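# A structural walkthrough
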There are 2 protein chains.
Amino acid sequence: METRRIDPVNCSVARALSVVGERWSLLIVREALDGARRFGEFHSRLGIARNLLATRLETLVTAGVMRRVPYQEPGDRQRFGYELTEQGRALRPTLVALLEWGDRYLADPQGPSVIVRHRPVDGTDSCDEPVKVVLECAAGHSHLAPDDICRTPGPGARFVEGP
Amino acid sequence: METRRIDPVNCSVARALSVVGERWSLLIVREALDGARRFGEFHSRLGIARNLLATRLETLVTAGVMRRVPYQEPGDRQRFGYELTEQGRALRPTLVALLEWGDRYLADPQGPSVIVRHRPVDGTDSCDEPVKVVLECAAGHSHLAPDDICRTPGPGARFVEGP
DNA sequence: CCATCTGAGTTGAAAAACTAAACTCACGAA
DNA sequence: TTCGTGAGTTTAGTTTTTCAACTCAGATGG
C-alpha cells in the first residue's frame, strides 16, 4: 500500500508563511499598500510595539518584500522610510482573499469597512467596481469552487511516507 | 486639511488574521484541505507540538473554521477528528494566493512542489489545468494588476485622524 | 483479570516572541 | 545652548511556543 504524500514541509505555503506569517507582517504590508511609508506611520496606525516594528521591517527588507528608502521633509534632515518592492505588492491578492474571507464570515454588523475597487493608480480606465478574488484555470474555467481543485506534485516535490 | 483614514484596526484583514493568523493555523487548514482528519495526522505531517495543536484546533473549531467529528475504526473505540466547515474551505483562495506568491518568490530551485489543478472532487468536467488566483471586478475586468485597485470605505468603516 | 497497545489529548518547565515604556541619537530650529 | 522631532534601541515583564513526558479510555491478548 503506497502512502506517499507530498512533503508538507517543503511547500511554498510554508515558505511564504515563514516570511509573512509572523504576527503583524501582513498588516504591515497592508498598511504599506495603503500608503504608509514611515516608521511612525506604521507604529501609530497599527499600535505595534516599536522594537517589534523595527524587527519586522528589517525581516521584510531582508526577504525582499520591502525596501528602505531615504526621504527628506523640507527643512528637516534625511530620514528613512519603507516601501513595498514588486514582490511585496504581489501580496495583494493574498490580502484581498483574506479581506474577502473576513468580510464574509467575521464582518462588522454594519458591513465591510473596506471595499476594494477597480481603480488604477494612474486614473485611466477606471470603472470603480468592487474587486473579487477568483480561481481560474489555464483552460479558462473561472470562478472555481474550493472543491473544484486538487493538489498535484510539481517538479520540486519531495515525498514522505505515512498517512 | 482632512487626514481621516479608514481605521486600520476595524478591518476584515485584521479580524481574519486574529482567527487564522497565528503560527500554524493556516498550515493546519492546508493539511485539512489535503485530507488530514485526525489529531495524529496533523501532528506528524506538520511537526507541531501536541499541546499547541490541541489549542489551535480548539480555536479553529470555536471560530467555525473546523468541526469536531466522531469517527470509529473497525475494532477500535470511537475517537474524534477534525474537518473543515464551509467557512474553512473558503480559505482556499487565500492559501492558493500564498502558494502562488511563495512559488514565484521563494521557490525551491527545482520548481514548485505543489501544483493546484482544476479537478472537481466528483471527477466531472475535469480539465486538469493549473489554477491561478486572479483579481476581477464586478464589471468583468479580469487579471487586474496589484496597482489597478484601491481601497474605499465600506458601510462598516470607522475613521481615525492622522497620517 | 490484568498487562499492553493505541491514539487523543494534558501537564509542566524552558526557550522564544511580544508588549510597553523609557531612553538614545542626529539634526534643524529657536 | 536648549528644545523638538522622528527613527530606532534598551530593558524589564508578560505571553506564546516548544519539547518531552504523562494521562486517559477503550480494545486486545494471555
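Heads up: the structure comes first, above all this text.
So, here's what we can say about the structure. (Residues numbered from 1 in each chain as written. Chains lettered and ligands numbered in written order. Predicted model: local features only at pLDDT ≥ 70, side-chain atom pairs only at ≥ 80, totals over all residues. Heavy atoms only, no water.)

## Quick notes on the protein's contact with DNA strand C
Heads up, the rule is: Summary of the distance rule: residues count as near a molecule or strand when at least one heavy atom falls within 4 Å of that molecule or strand. In the analysis that follows, any N or O atom pair within 3.5 Å is treated as a polar contact, provided that within protein one partner can donate a hydrogen and the other can accept it, and provided that, for residues neighboring in sequence, both atoms belong to side chains. Strands here are runs of E lasting at least two residues and helices are runs of H or I lasting at least four, both read from the DSSP assignment and numbered beginning at the N terminus.
As a structural note, the neighbourhood of DNA strand C is formed by 21 residues, with N51 and R56 of chain A together with G40, N51 and R68 of chain B the closest of them. Counted by atom, the contact set of DNA strand C within 4 Å of the protein is 56% sugar and phosphate. In this structure, a base oxygen belonging to DNA strand C sits 2.8 Å away from a side-chain N or O atom of N51 of chain B. With respect to DNA strand C, the side chain of Y82 of chain B contributes an N or O atom lying 2.9 Å from a phosphate oxygen. At the level of elements, α4 (50-63) of chain A together with α3 (39-46), α4 (50-63), β2 (66-72) and β3 (78-84) of chain B are the ones that each hand at least two residues to the surface near DNA strand C. The element contributing the most residues to the surface near DNA strand C is α4 of chain A, with 4 residues.

## Digging into the environment of P130 of chain A
Stated precisely, the cut-off is as follows: Only heavy atoms enter the contact rule, under which two residues are in contact if any of them lie within 4.5 Å.
With respect to the helices, strands and loops of the structure, P130 of chain A is situated in the loop between β4 (114-118) and β5 (131-137). Placed 44 residues apart in sequence, P130 of chain A and E86 of chain A show a C-alpha to C-alpha distance of 23 Å. Excluding anything up to four places from it in sequence, P130 of chain A contacts I115, V116 and R117 of chain A together with E136, C137 and A138 of chain B.

## A word on α4 of chain A
Residues and elements named next belong to chain A. Using the following cut-off: Given a helix with a known number of residues, its expected span is that number minus one, times 1.5 Å. Only protein chains enter the area calculation, which uses a 1.4 Å probe; residues under 20% of their type maximum are buried, those over 50% are exposed, and those in between are partly exposed. Think of it as the arc spanned by the lines of direction from the helix axis to the C-beta atoms.
Across its 14 residues, α4 extends 20 Å between first and last C-alpha, which sits within 8% of the 20 Å expected from 1.5 Å per residue. By the burial criterion, the buried members of α4 are L53, R56, L57 and L60. The buried side chains of α4 occupy one side of the element, clustering within an arc of 100 degrees when seen end-on. Among the exposed residues of α4, those oriented more than 90 degrees off its buried face are N51, E58 and T62. Packed against the buried residues of α4 are α1 (12-20), α2 (25-33), α3 (39-46), β2 (66-72) and β3 (78-84).

## Digging into the relation of the copies chain B and chain A
Selection rule: Overlaid copies result from least-squares superposition on C-alpha atoms, with residues included only where pLDDT is at least 70 in both.
Laying chain B over chain A is done by rotating through 180 degrees and shifting 0.0 Å along the axis; what remains is an RMSD of 0.0 Å. Overall, the copies show the geometry of a two-fold rotation axis. Mapped onto chain A, 100% of the interface residues of chain B are again interface residues, and the two copies thus contact each other with one and the same surface.

## Points about the environment of A16 of chain B
Along the chain, A16 of chain B turns up in helix α1 (residues 12-20). Taking relative accessible area as the criterion, A16 of chain B reaches 0% and is therefore assigned buried. In contact with A16 of chain B, other than residues within four places in its own chain, are L98, W101, G102 and L106 of chain A together with G21 of chain B.

## Quick word on the interface of chain B and chain A
Reports often express the size of an interface as the amount of accessible area lost when the parts come together. Counted only if it meets this: By convention, the term buried area covers the 1.4 Å-probe accessible surface removed from two parts as they join, with the contributions of both added. Think of a salt bridge as a Lys or Arg side-chain nitrogen and an Asp or Glu carboxyl oxygen that are within 4 Å of each other.
In this assembly, 85 residues from chain B lie in contact with 85 residues from chain A. Carbon and sulfur atoms supply 61% of the area that chain B and chain A bury against each other, a total of about 8400 Å² over both sides. By the criterion of area lost to chain A, the three top residues of chain B are W101, S113 and R151 of chain B, representing 9% of everything that side buries. Here chain B is connected to chain A by 6 salt bridges.

## Considering the protein's contact with DNA strand D
Heads up, the rule is: Three residue categories are used. Nonpolar comprises Ala, Val, Leu, Ile, Met, Phe, Trp, Tyr, Cys and Pro, charged comprises Asp, Glu, Lys and Arg, and polar comprises the others, including Gly.
As a structural note, the neighbourhood of DNA strand D is formed by 23 residues, with Y82 of chain A together with W24, N51, L52 and R56 of chain B the closest of them. The sugar-phosphate backbone supplies 59% of the atoms of DNA strand D found within 4 Å of the protein. Between R68 of chain A and DNA strand D, the recorded distance is 2.9 Å, taken from a side-chain N or O atom to a phosphate oxygen. In the model, a base oxygen of DNA strand D is placed 3.2 Å from a nitrogen or oxygen of the R79 of chain A side chain. Secondary structure elements with two or more residues in the surface near DNA strand D: α3, α4, β2 and β3 of chain A together with α4 of chain B. When grouped by side-chain class, the residues that make up the surface near DNA strand D number 8 nonpolar, 4 polar and 11 charged.

## Quick word on the side chain of Q87 of chain A
Tracing the backbone shows Q87 of chain A in helix α5 (residues 86-89). The class for Q87 of chain A is buried, based on a relative accessible area of 12%. Filtering out sequence-adjacent residues up to four positions away, Q87 of chain A remains in contact with A63, G64 and V65 of chain A together with W101, Y105 and L106 of chain B.

## Let's talk about the pattern of salt bridges
Pairs can form between side chains of opposite charge once their charged atoms are near each other. A complete count under the given rule lists 24 salt bridges over all chains for this structure. Between E31 of chain A and R30 of chain A there is a salt bridge, and its shortest N-O distance comes to 2.7 Å. Note on accessibility: E31 of chain A and R30 of chain A belong to one class, buried. Across the pair R151 of chain A and D34 of chain B runs a salt bridge whose closest N-O atoms are separated by 3.2 Å. Taken together, the residues R151 of chain A in strand β6 (residues 149-153) and D34 of chain B in the loop between α2 (25-33) and α3 connect one chain to another. For D34 of chain B, a relative accessible area of 28% gives the class partly exposed. One network of salt bridges, in which partners are shared, links R30, E31, D34 and R45 of chain A together with R151 of chain B.

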